[in-house]
Amino acid sequence: MAEMNGLMWFRKGLRVHDNPALSHAARSARLLYPVFVLDPRFLRPDPSAPSPGSARSGLNRIRFLLESLSDLDSSLRRLGSRLLVLKGDDPADVILKALKEWKIGEICYEFDTEPYALAQDKRIKDFACTSGIKVFSPVSHTLFDPAEIIKKNGGKPPLTYQSFIKIAGQPQPPILQTFSCLPPVGNAGACEFLDVPSMEELGYGDVGQEGFSPFHGGESEALKRLKESLEDKKWVANFEKPKGDPSAFLKPATTVLSPYLKFGCLSSRYFYKCLQDVYADVKKHTSPPVSLVGQLLWREFFYTVAFGTPNFDQMKGNKICKQIPWSNNEELFVAWREGQTGYPWIDAIMIQLKKWGWMHHLARHSVACFLTRGDLFIHWEKGRDVFERLLIDHDWAINNGNWLWLSCSSFFYQYNRIYSPISFGKKYDPNGNYIRHFLPVLKDMPKEYIYEPWTAPMSIQVKANCIIGKDYPKPVINHDFEMKECRRRMGEAYALNRSAELPSEEDLNCLRRKFEDEAMAPQRRNLKQKLLS
DNA sequence: TCCGCGTTGCAGGC
DNA sequence: GCCTGCAACGCGGA
């Protein structure tokens, strides 16, 4: 019999469908408190941040979260409950207080593999253990339990996609039953129940509508988007990720379900099941790694490796990460971050990131390669931070995994394969429509020059109302030159990683100084100068 | 220890 | 759209 009070703690998993923690809580609680805690770590406005938002999140993701919370609140209200928004300096402290105040007998929350959540959860579990409070914390954010996969693989996470697939097996099915009602909410006691705040209430009153993403949060929006994507069965069956067009922005080449998976507005298990249903209906379909199911499995792959690798989100102390003496160049880094490199393809992508909080996977590849091993030779952690803050679908495991991949620090090691900031985009969008949209300053540049506007004769620049060096920057580096430099440096860095178990800080600094000296050598400097003028 | 293989490079040829 | 040469990596399995 349901005799005790329950607390359903929402963190990710902002949904009612396929939510094992909520189902369990609904069954076992007399009074049920559905809680979300506003975390100042992610939400507090930071005026010193490079763009509006908090230190850790841009406005687009904050807004996406609020929309998701409002939608969840509406769904809970339809079931006779509501979302109780709480606030405090530290979410774990807030939950501990609520557990005591409301005499909670069982707390339910979706298991989260990220280090930040794990540290929080440990405090909750320790308290619950000593106070006789039951904890129900199922794995439901992912298709598989990362810990189980690691166990099956002999205690280590599989480091290739194929070896992951071999070991993974069949995922957990989603819960398909729906609720007719939820247990009633108890009294607040000494806690304060808040409504889902607006952007203004969070302190983002004067930011206007500038650059807001076309994608909106919430479970309803996620399920609508899923339905729309799945309606075109032929498209689902023939989906091949690498063939997608990164320059498509009016109708993106992918589902754009990633932000909904990130916040758990969409259950990956439900998505997987829906895809299987479509596959059952069509004669032929693509397969992992390129298929849509393959994309879900990439997510699982990165979650598993991230969970099983200490210091996954950094180079230092990360055993699967090549130790590479990346250079420090704040000026070039800021040019990349702000979309001011002078390479329109790169800059347009960075502006799309700022404005929309989303860009196509291959577009992310282009700019990540450019920042790290392809052109600027800047640390992947710097780029990771920018993506982490601005992407609406930012996911700790996937973002770090992809930066490790693109910088040839782990998973992928063919550092000769470098994306061209000129020809890669041109291949998909020869007219430069994508660039014209996100960099309107170049909208009248003839297509012959739009990917390399610095080569346009002055008469053309005048006619296009865009003088290079005045209205739009000159290229900050010469790609043909820097690409070769990067290849050579990567070769030397790899050699260092081969000869020692893990190169020491000293080895790395030594090689870094060598790269710096080479770059400063008069001959090279003159050549660079010549190439840029 | 060796070999096959790997979601997504580019330029050039056909 | 498909091939090759470019220069060449490490993981996983045998």
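Please read all numbers here as calculations on a predicted model, not as lab measurements.

Conventions adopted
- Residues numbered from 1 in each chain as written.
- Chains lettered and ligands numbered in written order.
- Predicted model: local features only at pLDDT ≥ 70, side-chain atom pairs only at ≥ 80, totals over all residues.
- Heavy atoms only, no water.
- Helix = DSSP H or I, 4+ residues; strand = E, 2+ residues; numbered from the N terminus.
- Rg over C-alpha atoms; globule rule 2.2 N^0.38 Å.
- Buried < 20%, exposed > 50% of the residue type's maximum accessible area, 1.4 Å probe, protein only.
- Pairing = 2+ DSSP bridges.
- Axes fitted to C-alpha atoms, helices over the stretch in contact; angles between N-to-C directions.
- Contact = heavy atoms within 4.5 Å.
- UniProt positions renumbered as here; feature names shortened; annotations may be inferred.
- 1 Å grid on protein atoms, 1.4 Å probe; cavity = no way out; pocket = protein on both sides within 12 Å on 5 of 7 lines; lining within 4 Å.
- Points joined across faces, edges and corners; volume = space filled by probe spheres on them.
- Nonpolar A, V, L, I, M, F, W, Y, C, P; charged D, E, K, R; others polar.

Points about the overall build of chain A
Looking only at helices and strands, one finds 23 helices and five strands in chain A. Against the globule reference of 24 Å for 533 residues, chain A gives a C-alpha radius of gyration of 25 Å, in line with a compact fold. Viewed in the frame of its principal axes, chain A has a C-alpha envelope of about 80 × 55 × 55 Å. Residue burial in chain A is summarised as follows: out of 533 residues, 57% are buried.

Here's the deal with the sheet that holds strand S5 (residues 134-136)
What the five strands build is an open sheet, ordered S3-S2-S1-S4-S5; its pairing is parallel. One side of each edge strand has no neighbouring strand; the edge strands of this open sheet are strand S3 (84-87) and S5. Across this sheet, the average inter-strand angle for adjacent strands is 30°, counted without regard to direction. The sheet contact formed by strand S2 (residues 29-38) and S3 spans four bridges and is parallel. By the bridge assignment for S3, Leu 38 is matched with Lys 87. Where helix H4 (residues 91-101) meets the sheet, its contacts fall on strand S1 (4-10), S2, S3 and strand S4 (104-109), and the angle it forms with S1 comes to roughly 165°.

Looking at helix H16 (residues 380-390)
Taken as a whole, H16 has its buried residues at Trp 380, Gly 383, Arg 384, Val 386, Phe 387, Arg 389 and Leu 390. On its buried face, H16 sits against helix H3 (59-78), helix H13 (330-337), helix H14 (344-356), helix H15 (361-374) and helix H17 (396-406).

A few points about the UniProt feature "domain: Photolyase/cryptochrome alpha/beta" (unreviewed entry) in chain A
In this numbering, the UniProt entry assigns the feature "domain: Photolyase/cryptochrome alpha/beta" (unreviewed entry) to residues 4-143. Its end C-alpha atoms 31 Å apart, residues 4-143 is made of 44% helix and 21% strand.

Some remarks on the layout of surface pockets
Empty space left among the atoms is revealed by rolling a probe the size of a water molecule over them. By volume, the largest pocket amounts to about 1,200 Å³. Looking at the lining of the largest pocket, the elements that each hand over two or more residues are helix H7 (161-168), helix H10 (258-263), helix H12 (292-308), H15 and H17. Residue classes in the lining of the largest pocket are distributed as 26 nonpolar, ten polar and eight charged. Roughly 750 Å³ of internal volume is contained in the second largest pocket. Lining the second largest pocket are 30 residues, with Asp 39, Phe 42, Glu 114, Tyr 116 and Lys 262 sitting closest to its centre. Looking at the lining of the second largest pocket, the elements with two or more residues in it are S1, S2, helix H2 (40-43), H3, helix H5 (115-131), H10 and H16. Of the residues forming the lining of the second largest pocket, the biggest block, four residues, is contributed by H5. For the lining of the second largest pocket, the residue count by class is 15 nonpolar, three polar and twelve charged.

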